[in-house]
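Each chain, letter by letter, is given below.
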Amino acid sequence: MNDEFVTKMLAVMMGIIEPEQCRILKETLYIVLQEYEITKRNTEIMDIEKGYLHYLQLFLVRKKTEGKSDRTIEQYKLHLFRMLQYLNIPIDKITENDLFVYLAKYKKDKNVSNVYLDNIRLVFSSFFGWLNAKGYIPKNPTAGLEPIKVEKKIKQPFTDEELEKLRRICEQERDLALIEFLYSTGVRVSELVALNKKDIDFYGKNVVVYGKGSKERETYLTATSCLHLKAYLDSRDDDNEALFVSARAPHARLTVAGVEKILHRVGKDAGVAKVHPHRFRRTMATNVLKKGMPLEEVKELLGHTKLDTTMIYCTVSRDNVKHSHQKHMSA
């Protein structure tokens, strides 16, 4: 095959380069190709109906119709394609042991945390559970995969002092409006960057949010967040419909990465660690719960479908627990 490759290469180059240059090219190709074995690519049409890519595509389309975000679907695609390409066996031949060994090797090679690894396991579980439910495979190989044990750390909300430090360090009205908006509404960062100016009702202090699964919900502005958001929007001279845009021209809509970068910078300047969008959401949920909002209402405010998810977001202080115990257990 090497001879055939050299012959075809020279046939293409003849008439383009001089005969002497062709001779030198031929000698060079033979010297270089001594260490390689060239094979002709198989261009036959494969029966994708039996290939894993076919089932992967069906699964991703299904997730799209369920309302999963593009970001989530990309994560499904990334982890599933890596695994399927690595195993490279028919979809119905994949076993629990195959997946167990793959996850163990992935952790060793990538040095990822158990939390990250368990998220991959959940992706596999969703995929193979769907395949089994649809009758594409006779058995779900993830059924016996135990959840990967992780050390449960209590993720702390911002303290009042930390929030004030963040507010005071902001030099741009946009950054202050961003912080107040995230804390007041508790929206996800993906929801924030999708918002437009028309989604804000300043009179009623309401915000229409399109959350996970394309579900619409309403959240609310405090007087402070409303004041700073108005000031920010009044200071803008662009015609972008986006609620938050970059500070520099052409003032494009802020991305998730853009918001995270802004908050990281503000946190660093203020001397506050771990400043990211989700922590504002957690802080809002914790504080409204602490002040007496029923858990069911917090669930609706955050756009959760299950109370269990809401409980994960809410950190109840030990002082509050002690106070409640003394209140309810007193004679």
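Located above this text is the structure these notes cover.
The structure displayed is predicted, hence computed values, not measured ones. (Residues numbered from 1 in each chain as written. Predicted model: local features only at pLDDT ≥ 70, side-chain atom pairs only at ≥ 80, totals over all residues. Heavy atoms only, no water.)

**A closer look at the overall build of the protein**
Step number 1: Each helix and strand in the protein was counted, giving 15 helices and three strands.
Step number 2: A burial count over the protein gives 37% of its 331 residues as buried.
Step number 3: Summed over all atoms, the accessible surface of the protein reaches about 21800 Å², with 54% contributed by carbon and sulfur. (Helix = DSSP H or I, 4+ residues; strand = E, 2+ residues; numbered from the N terminus. Buried < 20%, exposed > 50% of the residue type's maximum accessible area, 1.4 Å probe, protein only. Areas by Shrake-Rupley, 256 points an atom, 1.4 Å probe, with all protein chains shown as cover.)

**A look at helix 13 (residues 295-302)**
Each turn of an α-helix holds 3.6 residues, which means side chains three or four residues apart point in the same direction.
Step number 1: Among the residues of helix 13, V298, K299, L301 and L302 are the ones counted as buried. For helix 13, the angular spread of the buried residues around the axis is 165°, confining them to a single face. (Arc of directions from axis to C-beta.)

**Quick look at the packing of helix 3 (residues 52-65) against helix 4 (residues 70-87)**
Step number 1: Contact geometry of helix 3 with helix 4 gives a least axis separation of 10 Å together with a crossing angle of 165°. In terms of orientation, helix 3 and helix 4 fall into the roughly antiparallel class. The handedness of the crossing between helix 3 and helix 4 comes out as right-handed. For the pair formed by helix 3 and helix 4, the contact residues are Y52, L53, L56, F59, L60, K63 and K64 on the first element and D70, I73, Y76, K77, L80, F81, L84 and Q85 on the second.
Step number 2: Residues of the contact of helix 3 with helix 4, tallied by class, amount to 10 nonpolar, one polar and four charged. (Axes fitted to C-alpha atoms, helices over the stretch in contact; angles between N-to-C directions. Parallel < 35°, antiparallel > 145°, perpendicular 65-115°, else oblique. Left-handed = near helix turned anticlockwise from the far one by under 90°. Contact = heavy atoms within 4.5 Å. Nonpolar A, V, L, I, M, F, W, Y, C, P; charged D, E, K, R; others polar.)

**A few points about the packing of aromatic side chains**
Step number 1: Here the structure, examined in full by the defined rule, presents 12 aromatic pairs.
Step number 2: Ring centres 5.1 Å apart and planes at 65° place the aromatic pair F127 and F128 in the edge-to-face group. A single burial state applies to F127 and to F128, both of which are buried.
Step number 3: Taking 5.8 Å as the distance between ring centres and 70° as the angle between the ring planes, the aromatic pair formed by F181 and F244 counts as edge-to-face. Of this pair, F181 sits in helix 8 (residues 173-185) while F244 is found in the loop between helix 10 (223-235) and helix 11 (256-270), placing the two residues 63 residues apart along the sequence.
Step number 4: What links up through ring pairs into an aromatic cluster is the set Y55, F59, Y76, F127, F128, W130 and Y136. (Phe/Tyr/Trp six-rings, centres within 6.5 Å; stacked < 30°, edge-to-face > 60°.)

**Describing the pairing of strand 2 (residues 206-210)**
Step number 1: In this structure, strand 1 (residues 200-201) lies alongside strand 2, joined through two bridges in antiparallel fashion. In the sheet register, I200 faces strand 2, and the bridge partner there is V207.
Step number 2: Hairpin connection from strand 1 to strand 2: four residues lie between these consecutive antiparallel strands, with K205 at a positive phi of about 60°.
Step number 3: In this sheet, strand 3 (residues 216-220) lies alongside strand 2 in antiparallel orientation, the contact comprising five bridges. Note on strand 3: the bridge partner recorded for V209 is R217. (Pairing = 2+ DSSP bridges.)

**A short note on the sheet that holds strand 2**
Step number 1: The three strands lie next to each other as 1-2-3, forming an open sheet whose pairing is antiparallel. Unpaired on one side and paired on the other, strand 1 and strand 3 mark the two borders of the sheet.
Step number 2: Against the sheet, helix 8 touches strand 1, strand 2 and strand 3, its axis set at about 115° to strand 3.

**Here we look at the packing of helix 3 against helix 6 (residues 114-133)**
Step number 1: Running from N to C, helix 3 and helix 6 cross one another at 100°; their axes reach a closest spacing of 11 Å. One finds that helix 3 runs roughly perpendicular with respect to helix 6. Of helix 6, the residues touching helix 3 (which contributes Y55, L56, L58, F59, R62 and K63) are S126, F127, W130 and L131.
Step number 2: Its residues assigned to classes, the contact of helix 3 with helix 6 shows seven nonpolar, one polar and two charged.

**Quick notes on the pattern of salt bridges**
Step number 1: Per the counting criterion, the structure on display carries 17 salt bridges.
Step number 2: Here E66 and K63 are joined by a salt bridge, their closest N and O atoms 3.2 Å apart.
Step number 3: A relative accessible area of 37% means that E66 is categorised as partly exposed.
Step number 4: A salt bridge links E300 to K299, with the nearest nitrogen and oxygen atoms 3.0 Å apart.
Step number 5: Using a relative accessible area of 16% as the deciding quantity, one classes K299 as buried.
Step number 6: One continuous salt-bridge network, built from bridges that share partners, spans E164, R167, R168 and E180. (Salt bridge = Lys/Arg side-chain N within 4 Å of Asp/Glu carboxyl O.)

**Some remarks on the nonpolar core**
Step number 1: Membership of the largest hydrophobic core comes to 43 residues, with the highest contact counts inside it found for L166, F181, L229, F244 and F280.
Step number 2: Elements that contribute at least two residues to this core include exactly helix 7 (160-169), helix 8, helix 9 (189-194), strand 2, helix 10, helix 11, helix 12 (277-290) and helix 13.
Step number 3: It is helix 8 that contributes the most residues to this core, seven residues altogether.
Step number 4: Excluding residues within four positions of it along the chain, L166 makes contact with F158, I179, V266, G267, A270, V272, V275 and F280.
Step number 5: By size, the runner-up hydrophobic cluster in this structure holds 28 residues, among which are Y76, L87, Y106 and F127. (Core = buried A, V, L, I, M, F, W, Y, C linked by side-chain atoms within 4.5 Å.)

**Brief notes about unusual backbone geometry**
Step number 1: The step from A249 to P250 runs through a cis peptide bond, and the omega angle for that step is 10°.
Step number 2: Looking at the element boundaries, P250 is found in the loop between helix 10 and helix 11.
Step number 3: Its identity as a non-glycine residue notwithstanding, N111 has a phi of 55°, on the positive side.
Step number 4: Tracing the backbone through its elements, the reader meets N111 in the loop between helix 5 (96-110) and helix 6.
Step number 5: Judged by its relative accessible area of 68%, N111 is exposed.
Step number 6: If you check the backbone angles, K205 has positive phi at about 60° while not being a glycine.
Step number 7: Within the secondary structure, K205 sits in the loop between strand 1 and strand 2.
Step number 8: Exposure remark for K205: the relative accessible area of 31% places this residue in the partly exposed category.

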